[in-house]
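Residues per chain, in single letters:
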Amino acid sequence: MKKQFIFHCRSYVLFFFLMNLFVAVYAQKNITGKVVDASTNEPIIGASVKIKNTQQGAVTNVNGVFTIPNAPNNSVIVVSYLGYVTQEVSSNSPQPFTIKLAADAQNLSEVVVVGYGERKKESLTGAIEQIKSDVFEDRAVTNVALALQGQTPGLVVSRSSARPGNEGIALQIRGATSVNGGSPLIVIDGAPAFDTNEFYQMNPDDIESISVLKDGAASIYGSRAANGVILVSTKKGKGKLKVEYNTNFRRNSLGLKPPITTYEQYGQMWLDAAKEDGNGDYWNLGETAMRAIANGQSGYYQTAVPSWGKNGLLYIGPADRYDELYGANTGNQHSLSFSGSSATARYRLSMGTAESEGALKTAYDGIKQYTARLNTDFDVTDKFTIGANISIQKNISSSPSSQLGGSLAVQDPPIFPSKNSLGQWYANFGTGGGGTNSIAGTTAGGKDNKDENITKITLNANYDLGYGFSVNANATYNSINSRRDLTFLNVKVYDWDGTPASQGINTTSSIEAEAITKSYQTYGAF
């Protein structure tokens, strides 16, 4: 009786398992269909057909036909193809599907600025890429070039420093084209930019779009376009009077910290190195001093160099140069604009200010920017239009002039405090050393101040000849005035007990001033 009961139980389990398997299989089906162009009924090859919110799908073949095996019931099929409006279809619709995709007219009719005028996006190739103004709205940066990083294929934006105003930015389109280097030609509203800061320090809110011309698309500009062309179009007025104010405040914190050794790690590294080398080299400090450093002990230690300290007796203590030098920084940006138009005229006036500070804590290291721009154009007749673009930029940057460079945080070993017991700047290696103390140098060693003023006036005229032809002429005046004041101040340093070192930071104090005035005039017609 017991065996019979077990047999019946097993039969029921097998029955329910087969029923569930049948239901699961029955709930799935193969979906087939065809994707065609809504206007021509021609098959669309390579269209993506997927089940919504899954990776299950297929791609149409040369006849526009697709098959999705084992598709679940009550699912949604998403059909998409570049240049067409994406469409969704229920899997419960009668099969086989015939899905008609309509061309995305809005995407194809976007106007892109090119070297010889404007063209619709549908008529362009990969040699021209466009970046819209929303790119700059989403990024809290005051340097336009940095906002372009990763925004378009083929444009490489690199920099050698994160210091605002001293980034060392380099632009390349499709890599290097010469062993001598080179950068793309930058054209703003039809007029070349003779100073890269005119582009880098623009007010991002003034930019309507940026077109990147590569290869043959840039040939209209001749030999100057050997490294490509970046075309910048600024915003114009349209519609009723519009007043806009945009602002942002930001606080930047340090990200990845370079691997800088601590006081204890510094001593232990020397001990480990001497043990492995077997030569007993402890860099003139001796094994006793290195073991004390590795144990975190500070104090006077006898060294092998008589000029260090007093007859070789040198004070050593922990110092964290990185945390003393660097910290969080702040920035802000403000922009105010007035724009509008009438039946025959359009205008836009904008003003902006921005400030960005670097991560240096011991002194101000940053840039302040001020911009103003006026764009106007008037319809003299139905076919003849004249316009004027006026821009003014002022960039003021300031940074320390001494002890600032690539080795800023690693020039000093982490065994010399920045100040002695009396609160004076401590001389590395005591009275016989000096000359190096990055905290003292950046704090009191002088300033490098730069003031640049860029003025640009462009006048243009356009006559519509009809049948898609027009004549355009423009004249541009550029004026660049810059001044640099460089001061180096002698900073006295002392040993631990207050005795002046033989050498301070900057042997003598000096003041250097440099003023440069440049002006350019360009004329063109096409």
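Residues numbered from 1 in each chain as written. Predicted model: local features only at pLDDT ≥ 70, side-chain atom pairs only at ≥ 80, totals over all residues. Heavy atoms only, no water.

### Some points on the packing of helix H6 (residues 263–277) against helix H7 (residues 286–294)
And then number 1: At a closest axis distance of 7 Å, the pairing of H6 and H7 adopts a crossing angle of 140 degrees. Classified by the interaxial angle, the pair formed by H6 and H7 is oblique. With respect to the hand of their crossing, H6 and H7 are arranged in left-handed fashion. Only Glu287, Met290, Arg291, Ile293 and Ala294 of H7 make contact with H6, whose side of the interface consists of Tyr263, Glu264, Gly267, Gln268, Trp270 and Leu271.
And then number 2: The residue inventory of the contact of H6 with H7, partitioned by class, reads 6 nonpolar, 2 polar and 3 charged. (Axes fitted to C-alpha atoms, helices over the stretch in contact; angles between N-to-C directions. Helix = DSSP H or I, 4+ residues; strand = E, 2+ residues; numbered from the N terminus. Parallel < 35°, antiparallel > 145°, perpendicular 65-115°, else oblique. Left-handed = near helix turned anticlockwise from the far one by under 90°. Contact = heavy atoms within 4.5 Å. Nonpolar A, V, L, I, M, F, W, Y, C, P; charged D, E, K, R; others polar.)

### Quick notes on the environment of Ala440
And then number 1: Here Ala440 lies in helix H9 (residues 438–444).
And then number 2: On a C-alpha basis, the gap between Ala440 and Ala427 in space is 9.7 Å, while along the polypeptide they are 13 residues apart.

### Regarding unusual backbone geometry
And then number 1: Of the consecutive residues Gln95 and Pro96, the connecting peptide bond is found in the cis state with omega at -5 degrees.
And then number 2: Along the chain, the position of Pro96 falls in the loop between strand E6 (87–90) and strand E7 (97–101).

### Looking at the pairing of strand E20 (residues 329–341)
When a strand is regular, its side chains alternate between the sheet's two faces.
And then number 1: Of the strand pairs in this sheet, strand E17 (residues 242–252) and E20 are connected by 11 bridges, and their pairing is antiparallel. Its bridge partner lying in E20, Tyr245 is registered against Leu336.
And then number 2: Pairing analysis gives 11 bridges linking E20 to strand E21 (residues 345–357), with the strands arranged antiparallel. Looking across to E21, one finds that Ser335 is bridged to Gly352.
And then number 3: Joining the antiparallel neighbours E20 and E21 is a turn of 3 residues. (Pairing = 2+ DSSP bridges.)

### Here's the deal with the sheet that holds strand E14 (residues 191–192)
And then number 1: Ordered by their spatial adjacency, 5 strands build an open sheet running E10-E15-E16-E13-E14, and the pairing between neighbours is mixed. Of all the strands in the sheet, just strand E10 (128–132) and E14 have a single pairing partner and so form its edges.
And then number 2: Examined bridge by bridge, E10 and strand E15 (residues 207–213) share 5 bridges and lie antiparallel to one another. For Glu129, the partnering residue across the bridge sits in E15 and is Val212.

### Observations regarding the side chain of Thr476
And then number 1: Relative to the helices and strands, Thr476 resides in strand E25 (residues 469–488).
And then number 2: Other than its neighbours up to four places away in sequence, Thr476 contacts Ala191, Lys456, Ile457, Thr458, Tyr520, Gln521 and Thr522.

### Examining the confidence of the model for the chain
And then number 1: In this model, the chain carries a mean pLDDT of 82, and residues with pLDDT of at least 70 account for 87%.
And then number 2: Low pLDDT, under 50, characterises residues 1–26; the stretch is placed with 1 contact to residues that sit more than four places away or in other chains. (pLDDT = per-residue confidence, 0-100.)

### With respect to the sheet that holds strand E2 (residues 48–51)
And then number 1: The sheet built from 4 strands is open, its strands ordered E3-E2-E5-E6 with antiparallel pairing. Here the strands that pair on one side only, and so sit at the sheet edges, are strand E3 (57–59) and E6. Neighbouring strand axes in the sheet, compared pairwise and without regard to direction, differ in orientation by 20 degrees on average.
And then number 2: In this structure, E2 lies alongside strand E5 (residues 76–80), joined through 4 bridges in antiparallel fashion. Bridge pairing in E5 places Lys50 opposite Val78.

### Thoughts on the nonpolar core
And then number 1: Ranked by internal contacts, the top residues of the largest apolar core, which has 24 residues, are Leu148, Leu171, Phe199, Ile210, Ile230 and Val232.
And then number 2: When residues of this core are assigned to their parent elements, the largest contribution, 4 residues, is made by helix H4 (residues 144–147).
And then number 3: What Phe199 contacts, discounting residues up to four positions off in sequence, is Val144, Leu148, Leu171, Ile186, Ile188, Ile210, Ile230 and Val232. (Core = buried A, V, L, I, M, F, W, Y, C linked by side-chain atoms within 4.5 Å. Buried < 20%, exposed > 50% of the residue type's maximum accessible area, 1.4 Å probe, protein only.)

### Structural notes on the packing of aromatic side chains
And then number 1: Using the criterion set out here, one finds 11 aromatic pairs in the structure.
And then number 2: Arranged with centres 4.8 Å apart and planes meeting at 40 degrees, the rings of Trp308 and Phe429 form a pair that is tilted. Separated by 121 residues along the polypeptide, Trp308 in the loop between strand E18 (299–302) and strand E19 (313–316) and Phe429 in the loop between strand E23 (384–400) and H9 bring together distant segments of the chain.
And then number 3: Measuring from ring centre to ring centre gives 5.4 Å for Tyr426 and Trp496, while their planes differ by 85 degrees; the resulting arrangement is edge-to-face. Taken together, the positions of Tyr426 in the loop between E23 and H9 and Trp496 in the loop between E25 and strand E26 (510–525) put the pair 70 residues apart, joining distant regions of the chain. Each member of the pair, Tyr426 as well as Trp496, carries the same accessibility label: buried.
And then number 4: Members of the aromatic cluster, joined through ring pairs, are Tyr300, Trp308, Tyr315, Phe416, Tyr426, Phe429 and Trp496.
And then number 5: Sitting over the ring of Trp425, Lys419 keeps its end group 4.8 Å from the ring centre. (Phe/Tyr/Trp six-rings, centres within 6.5 Å; stacked < 30°, edge-to-face > 60°. Lys NZ or Arg CZ within 6 Å of the ring centre and 35° of its normal.)

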